[in-house]
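# Coordinates in review
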Amino acid sequence: MKIRCRSSKLGKVRFTSHRDAARIWERALRRAELPVAATEGFTPRPKISFGLALPTGAESIAEYVDIELRPDVADVDLDTLPERLSAALPNGFDVLVVAEREQGAASLQEAVTSVTWELWAPDLDRDAHIDACRLLDADVLELERERKGKRSVDDVRPMILDAQPTAAGDRLVVRLATVGRALRPAEFAQLAYPDIEPILVRALRTHQWIDRDGQPDELLPLPAGLDARPVEVLA
């Protein structure tokens with residue numbers, strides 16, 4: 001049996017790296033005494049796989065992990081599992097929903113085609129977010145980036161799929177493609193808010209999308225009535 005968990009990462013734990021977060025999950029699964037399957041060989045590892053890495057410093061209510069359970073496990077109560085796993089995780093990590101993974105479903109790394117972010121900063125208002133939306137009118141958006149010690153200039157306009165302010169005007173909601181070399185929220189902020197240091201722009205990942213018949217479909221929706229957004233912005 002394979003299960004898929006959707007979780008949040010909010011507050012000060014946003015400074016935890018993707019690698020450290022993976023170690024935290026491994027320890028939490030042991031604390032929760034979940035019967036996780038293990039690889040064979042001299043150093044067995046739990047059979048868990050994570051979705052797209054969250055940039056250090058960003059928050060999220062749409063983090064995913066796939067967990068394979070031991071073949072001798074007949075049944076697991078998925079309804080109580082979110083609370084059970086959340087209790088084993090540090091403050092700031094919470095499991096929001098757990099579901100059995102569909103047979104033959106693609107891996108998280110392969111399935112996700114785009115993600116939605118909310119961006120905000122104290123010095124950004126509705127007008128700044130409206131100006132940022134004008135990036136959609138550009139034919140080409142060149143951005144100098146570095147990868148593995150090599151610098152290149154890329155046209156990142158195809159990676160920006162949508163952008164619009166929230167109803168309150170205090171945040172920008174942007175959907176970015178993940179196929180190919182993904183555009184990070186800090187890189188988008190560099191283009192969208194040229195007068196603001198990108199490090200000052202906060203980012204919250206709210207959705208990860210798969211392509212279903214040409215339309216974005218949420219990987220694992222939240223239960224009706226559950227609003228996982230933080231009540232307040234933590235320092």
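In this report, the structure presented in the accompanying data block is examined.

## Some remarks on the pattern of salt bridges
One pass over the structure, following the stated rule, counts 17 salt bridges. Residue Arg 70 pairs with Asp 72 through a salt bridge whose shortest N-O separation is 3.1 Å. You can call Arg 70 partly exposed: its relative accessible area is 37%. A relative accessible area of 56% means that Asp 72 is categorised as exposed. Residues Asp 217 and Arg 212 are paired through a salt bridge, measuring 2.5 Å at the closest nitrogen-oxygen approach. On the basis of relative accessible area, Asp 217 is assigned to the partly exposed category, the value being 28%. Look at Arg 212 and you get partly exposed, because its relative accessible area is 42%. Through salt bridges that share partners, Arg 145, Asp 154, Arg 181 and Glu 187 make up one connected network.

## A word on unusual backbone geometry
At Glu 33, a position not held by glycine, the phi torsion is positive, near 55°. Structurally, the position occupied by Glu 33 is in the loop between helix H1 (18-31) and strand S2 (48-50). If you check the backbone angles, Asp 213 has positive phi at about 55° while not being a glycine. Topologically, Asp 213 is positioned in the loop between strand S10 (202-212) and strand S11 (215-218).

## Let's talk about the pairing of strand S3 (residues 59-68)
Most of S3 sits out of view: nine of its 10 residues are buried. Both strand S1 (residues 2-9) and S3 contribute to a ladder of seven bridges, which runs antiparallel. Directly across from Cys 5, in S3, lies its bridge partner Val 65. Pairing of S2 with S3 involves three bridges; the strand directions are antiparallel. Opposite Ser 49, over in S3, you have Asp 66 as the bridge partner. In this structure, S3 lies alongside S10, joined through two bridges in parallel fashion. Residue pairing across strands places Glu 59 opposite Leu 204, the latter belonging to S10.

## Concerning the environment of Glu 102
Along the chain, the position of Glu 102 falls in the loop between strand S4 (93-100) and helix H3 (108-111). The class of Glu 102 is exposed, set by a relative accessible area of 58%. Measuring from C-alpha to C-alpha, the distance between Glu 102 and Arg 151 comes to 40 Å, with 49 residues separating the pair along the chain.

## Quick word on the pairing of strand S7 (residues 150-155)
Each regular strand carries side chains that alternate between the two faces of the sheet. Here strand S6 (residues 142-147) pairs with S7 via six bridges, running antiparallel. By the bridge assignment for S7, Glu 142 is matched with Asp 155. Between S6 and S7, which follow one another and run antiparallel, lie two residues, and Lys 148 among them has a positive phi close to 55°.

What counts, and where the lines are drawn
- Residues numbered from 1 in each chain as written.
- Predicted model: local features only at pLDDT ≥ 70, side-chain atom pairs only at ≥ 80, totals over all residues.
- Heavy atoms only, no water.
- Salt bridge = Lys/Arg side-chain N within 4 Å of Asp/Glu carboxyl O.
- Buried < 20%, exposed > 50% of the residue type's maximum accessible area, 1.4 Å probe, protein only.
- Helix = DSSP H or I, 4+ residues; strand = E, 2+ residues; numbered from the N terminus.
- Pairing = 2+ DSSP bridges.

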